[in-house]
Amino acid sequence: MELTHFFHCPYCLSEISMLLDPSVQHQEYIEDCEVCCNPIEIVYTLENGELISFSALSIEQ
C-alpha cells in the first residue's frame, strides 16, 4: 500500500502530491516539479510504514 505525501515545490511553491513506496525504507532521487518542471531532490525515510523524514530541495546552488 503506497502512502500519499504532500509537499511544496522549492521553486514555485505549488503543493505537490507524491506516492511513497513503504517497502523501500530510504530513497534519494531527482524528480521534476509537475507544475514548473524544475528538478527537485527528493529524500525520504520510512520506518514501519510511517514517514520519518522527508525533504524536497532545489538542486540549484
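All values reported here derive from a predicted model rather than from experimental measurement.

**Quick look at the pairing of strand β5 (residues 50-58)**
The sheet contact formed by strand β4 (residues 39-47) and β5 spans eight bridges and is antiparallel. Directly across from E47, in β5, lies its bridge partner E50. Here β4 folds back onto β5, and the loop between the two strands holds two residues, one of which, N48, carries a positive phi near 55 degrees.

**As for the packing of aromatic side chains**
This model, assessed by the stated rule, comprises two aromatic pairs. On the basis of an interplanar angle of 20 degrees and a centroid distance of 6.4 Å, the ring pair of Y44 and F54 is categorised as stacked. Of this pair, Y44 sits in strand β4 while F54 is found in strand β5, placing the two residues 10 residues apart along the sequence.

**With respect to the pairing of β4**
Bridge count for strand β3 (residues 26-32) against β4 is seven bridges, and the pairing is antiparallel. Looking at the pairing, E28 lines up with V43 of β4. Where β3 hands over to β4, the hairpin turn is made up of six residues, of which C37 adopts a positive phi near 70 degrees.

Scoring rules and cut-offs
Residues numbered from 1 in each chain as written. Predicted model: local features only at pLDDT ≥ 70, side-chain atom pairs only at ≥ 80, totals over all residues. Heavy atoms only, no water. Pairing = 2+ DSSP bridges. Helix = DSSP H or I, 4+ residues; strand = E, 2+ residues; numbered from the N terminus. Phe/Tyr/Trp six-rings, centres within 6.5 Å; stacked < 30°, edge-to-face > 60°.

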